[in-house]
Every structure is written in C-alpha cells, then in structure tokens.
Amino acid sequence: MLPTETAVLAALDLAYIRAQFPALAQTVNGNPAVFLDGPGGTQVPQHVIDAISNYLSRDNANTDGAYATSRRTNATLAEARSAMADFLNCGTDEIVFGPNMTTLTYAMSRAIGRDLGPGDEILVTRLDHDANVSPWLALEEKGVTIRWAEIHREDCTLDVEDLAAKLNSKTKLVAIGYASNAVGTINPVKEIIRLAHAAGALAYVDAVHYSPHGLIDVAALDCDFLVCSTYKFFGPHMGVLFGKREHLQRLRPYKVRPLTDAIPNRWEWGTLNHECIAGITACVEYIADLGRHGDSTCGDGRLGRQSSEARPSGISTRRAAIVAAFESIHRHEHALMNRLIAGLSQIPQLKIYGITDPTCFAWRCPTLALRVINQTPDQTPLALATKLGDRGFFTWDGNYYALNLTEHLDVEKTGGFLRIGLVHYNTEEEVDRLLEALKEILEG
Ligand SMILES: Cc1ncc(COP(=O)(O)O)c(C=O)c1O
C-alpha cells in the first residue's frame, strides 16, 4: 500500500479527465481497453476531434486568400502558433509546424549541414531515438565526424562526464533527448545545453517523449532548437519545432522561391495540415484546462481537489494554466509509476531497465522497459505484448526506434523490450489490473 501516492491520486479528477477521451471507453474481448501505449502516441480528447472536424466543415481553405475561409485558416494557424508558444514559452515566430519530428529534424540537419564539413563534429547520444541520430549521421557524407555520448548501462542514464569529455572546439552541435522513449530516463538537459554552449556548439533537444509528462520552458533551458510531436501530448499527428529567432533567420532552408523569407514560414514548405493545426490549439487548451480546472496549489502545498469550477485565482494566463497542469500531471504520474515499479519488483521473473532506485525517480518518466530474465520463446516482448493485448492492455514491444540503446544493451536480437507507458489518464486500478495480468501470463 502506498498511502501518500493514494492520497495524491484521489486529488486528481480522473472522471472529468477520462470522460473527455472517447477512445478510453473501448473494450477488447470483453475487457476494458487499457492504453499503456502513450509513448507511441496518446489518445485525444473530444475537443481536439471537434476542432479538426470543425475546421474541415467550416474553414477549409488554403492560406492567404482574399476571402473568408482563407482568412479564417490564417487565423487558425496564428492561434496554434500562439498556443504552442505558450506551451514552450517562446515567441510565436519561433514556432515551426511540420508533419512530424523526424521530418523537421531532417530539414534542420540539412540546413545546418550546409555550413559544415571535414573537421566539424556533432555529438549524439546512445540513449536517443534514432530521429535525433540518423539526421545527424547523414552529415557524415559531408565529412562531418559524429561522436557518441555513452550511457551508464546499469540504470540507462546518460554519462554526462563522457559527453562533456567529447565536447571540444570542433563540436558544432549537440543532439540530445529530453527523455528516453524506451527506458524513461530524463536527461539533465539544462546542464548539457550549458556545456554545449560553453564549447561553442548549438543544442538540439528532442522533447518528443518528455512533452506529455513535464513542463517545457525553452527560455529557461536556453536551447537553440527543441522538437516535439503533438500526437504524444493528446493532439493530432503533427510535429512542432522551436528554433531561436536568430537561428531561424540566419540559417538557410532549402525552399521554393515564392515562399517568403520571413520566419517562421520560410521553414514550412508546401501546404500544411491545417485541420491538424486546428487540433493543436485544442490540445494545448486541453492541458491548460487541466490547470485551470484543478486546485493543485492549495494552501498546504499538496495537491488539492479538482472540481468542475474554474480555478478561482492565481491563473491569469494560458502559460500559467499549463504550468499548473503539469504540476498535477507530474504528481499523478509519479504516484502511478511508484505503484507500478513497486508491483513489478515483486515479480521475480521480470527485469526493469532504467532507473529503479526510488530516490532517483525525479530523473525518470513513467515509461518502463521490461524483459523476462532468461526468456523462453513464449515470453519474448512480442509474445507478452500479444498476450496482454488480447486482454485489453495496449503495450509495445521492440526497440521503438531507440535502436542504439537496444543494440548497446544487447537486447535487439531477442525482441527488445516490453514497454509500458503511463500518462495522466491512466488509473491506479489499471496499474493493479496490469500487474495481475502479467503475473497470470508469467505463471501460465
Ligand atoms: C523520443 C522520440 N523522438 C522522436 C520521435 C519521432 O517522432 P515523429 O514520429 O514525430 O517523427 C519519437 C517517436 O516515437 C520519439 O519517441
């Protein structure tokens, strides 16, 4: 029993939250669906679905036309930029939309690579998703040297000393992840950005996995670029890049000639996915609403009740509401994570990869990578995910493109990991049911 966590859980109005997500009501073989696949993509609240559908039914047009729907489309894009600027704490002209994080990162690596060549170095990490590795590896064909920051194998944390030792005057860019989508490690990004800048390098942060779990503040981080994908934080399938104004102006994108040279548009090519962009505003509003709706900073400093009334005071801006929302999300997720890790630790056949010491949980997200020790062919990550899937638990197996990590830990050839990813709409009861199901599967 975890009394503190249970008290915190009671404070989150999960009924209010879950009622907004139509997908959560599904069943599989008569069992309620349990979405533990957030790291692959989260479910969306009705507001997001409505925003996408409303755009298509009322405002559907291309941009910059001299008529009503086109003007409304321009307004839709401006609103979404403003929402993302609040989400990341930056200027609206520093927000670039694209199809997904990978495409945006390839575009940026090509532009940055135009000015690089032999003698230049880029530092990537062994912990990262390949989308923050391969776009930089591609610059090897220009003679750029790619260096690798290693990890501590025992807890899958980044070896920051190794990273620091590999920085030098030739390092032009450090590509790091905010959090690992495989093992859940949160990296000390602010410190790494400081180290990168001290060496004269740019810092490019992949915040895709971190974004549903924690507040992002690009101003406080002082990163040069930060990328995320809205489908990981309750929005549509889109990518968003923050770039410091000076870099978006200075760097030279590959682009068509009629496209204006103004930022951020010079980084957005072709017609964007306007309906999804309408959904981005709605997903940021969903998160802000959690902050307004909750009473997460009640007098004694603990999480308080969440009622259906708006928060009475203290939240005057959307950014402040987002800050409050992430406070509540963090506490709820950590309570669930404690419960899950405590339960998994009682199952002797399982090994958890990543941080398992509770005193270090501030450095992990509720994303867990597991394997059966000495697995038999019917206990591979795929076999476990399939058996769980048949019971309604949606987990993932394999490498989730964190290929460098699965290879480094030598689990790639034997199926990678079983990944269980919690987000704030998951419940204590779902965690307990998952633990029971896992025990049954492993005993059977
Ligand atoms: C940590 C991380 N980075 C990058 C990506 C790639 O994002 P996208 O699918 O938007 O290209 C993912 C996708 O799962 C991810 O988890």
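This section reports on the structure supplied with the text.

## Some points on the pairing of strand E9 (residues 171-177)
Right, on to step 1. The buried fraction of E9 amounts to 6 of the 7 residues, a majority that puts the element mostly inside the structure.
Right, on to step 2. Pairing of E9 with strand E10 (residues 202-206), which is carried by 5 bridges, proceeds in the parallel orientation. What sits directly across from Gly177, in E10, is Asp206.
Right, on to step 3. In the classification by handedness, the crossover that spans E9, the intervening helix H8 (residues 189-198) and the parallel E10 is right-handed.

## So, unusual backbone geometry
Right, on to step 1. Geometrically, the link from Ile263 to Pro264 is a cis peptide bond, its omega value of 5° lying close to zero.
Right, on to step 2. Tracing the sequence through the fold places Pro264 in the loop between helix H10 (245-250) and helix H11 (274-293).
Right, on to step 3. One non-glycine residue, Asn29, lies in positive phi territory at about 50°.
Right, on to step 4. Note that Asn29 resides in the loop between strand E1 (27-28) and strand E2 (31-32).

## Re the sheet that holds strand E6 (residues 145-149)
Right, on to step 1. Sheet architecture is open: 7 strands sit in the order E4-E12-E11-E10-E9-E5-E6, paired in mixed fashion. Whereas interior strands pair on both sides, the edge strands pair on one side only; in this sheet they are strand E4 (95-98) and E6. On average, each strand axis in the sheet is tilted by 20° relative to the strand beside it, whichever way the strands run.
Right, on to step 2. In this structure, E4 lies alongside strand E12 (residues 239-243), joined through 4 bridges in antiparallel fashion. Bridge pairing links Gly98 to Gly239 in E12.

## Let's talk about the site of the ligand
Right, on to step 1. Taken together, the residues surrounding the ligand are Asn100, Met101, Thr102, His129, Ala131, Asn181, Asp206, Val208, His209, Ser229, Tyr231 and Lys232.
Right, on to step 2. Contact between the ligand and Tyr231: an oxygen atom at 2.5 Å from a side-chain N or O atom of the residue.
Right, on to step 3. Lys232 is positioned with one of its side-chain polar atoms (N or O) 2.6 Å from an oxygen atom of the ligand.
Right, on to step 4. Relative to its free-state accessible area of 390 Å², the ligand is covered by the protein chains to the extent of 89%.
Right, on to step 5. Here the ligand occupies the largest pocket.
Right, on to step 6. Looking at the shell around the ligand residue by residue, the classes come out as 4 nonpolar, 6 polar and 2 charged.

## Side note on the packing of helix H3 (residues 46-59) against helix H4 (residues 68-88)
Right, on to step 1. Taken N-terminus to C-terminus, the directions of H3 and H4 make an angle of 155°; their axes are 10 Å apart at the nearest point. As judged from the angle between their axes, H3 and H4 are roughly antiparallel. Along the contact surface, H3 presents Tyr55, Arg58 and Asp59, while H4 presents Thr69, Arg72, Thr73 and Thr76.
Right, on to step 2. The residue inventory of the contact of H3 with H4, partitioned by class, reads 1 nonpolar, 3 polar and 3 charged.

## Things to note about the pattern of salt bridges
Right, on to step 1. This structure, assessed with the given rule, holds 24 salt bridges.
Right, on to step 2. For the salt bridge of Arg266 with Asp261, the shortest nitrogen-to-oxygen distance reads 2.7 Å.
Right, on to step 3. Given the relative accessible area of 7%, Arg266 is considered buried.
Right, on to step 4. Taking the relative accessible area as the measure of exposure, Asp261 reaches 52% and is therefore exposed.
Right, on to step 5. A salt bridge links Glu436 to Lys439; the nearest nitrogen and oxygen atoms lie 3.4 Å apart. Of the two residues, Glu436 and Lys439 both sit in helix H15 (residues 428-443), 3 residues apart, roughly one turn of that helix.

## Side note on the side chain of Thr367
Right, on to step 1. For Thr367, the location among the structural elements is in strand E14 (residues 367-372).
Right, on to step 2. In this view, Thr367 contacts Pro39, Asn181, Ala182, Val183, Gly184, His209, His213, Arg419, Ile420 and Gly421; residues no more than four positions away in its chain are not counted.

## Observations regarding helix H12 (residues 318-345)
Right, on to step 1. Along its 28 residues, H12 runs 40 Å from first to last C-alpha, staying within 8% of the 40 Å computed at 1.5 Å per residue.
Right, on to step 2. Counting buried positions along H12 gives 20 out of 28 residues, so the element sits mostly inside the fold.

## So, the environment of Val411
Right, on to step 1. Relative to the assigned elements, Val411 resides in the loop between helix H14 (403-408) and strand E17 (417-421).
Right, on to step 2. Sequence-wise, Val411 and Glu191 are 220 residues apart; in three dimensions their C-alpha atoms are separated by 30 Å.
Right, on to step 3. Excluding anything up to four places from it in sequence, Val411 contacts Tyr353, Arg371, Thr406, Gly416 and Phe417.

Analysis parameters
Residues numbered from 1 in each chain as written. Predicted model: local features only at pLDDT ≥ 70, side-chain atom pairs only at ≥ 80, totals over all residues. Heavy atoms only, no water. Buried < 20%, exposed > 50% of the residue type's maximum accessible area, 1.4 Å probe, protein only. Helix = DSSP H or I, 4+ residues; strand = E, 2+ residues; numbered from the N terminus. Pairing = 2+ DSSP bridges. Right-handed = clockwise from strand over helix to strand, strands pointing away. Axes fitted to C-alpha atoms, helices over the stretch in contact; angles between N-to-C directions. Near = heavy atom within 4 Å. Polar contact = N/O pair within 3.5 Å; in protein donor to acceptor, adjacent residues only side chain to side chain. Areas by Shrake-Rupley, 256 points an atom, 1.4 Å probe, with all protein chains shown as cover. 1 Å grid on protein atoms, 1.4 Å probe; cavity = no way out; pocket = protein on both sides within 12 Å on 5 of 7 lines; lining within 4 Å. Sits in = over half its atoms within 2 Å of the grid points. Nonpolar A, V, L, I, M, F, W, Y, C, P; charged D, E, K, R; others polar. Parallel < 35°, antiparallel > 145°, perpendicular 65-115°, else oblique. Contact = heavy atoms within 4.5 Å. Salt bridge = Lys/Arg side-chain N within 4 Å of Asp/Glu carboxyl O. Expected span 1.5 Å × (residues − 1).

It is worth stressing that arrangement in space is one thing and function is another; only the former is reported here.
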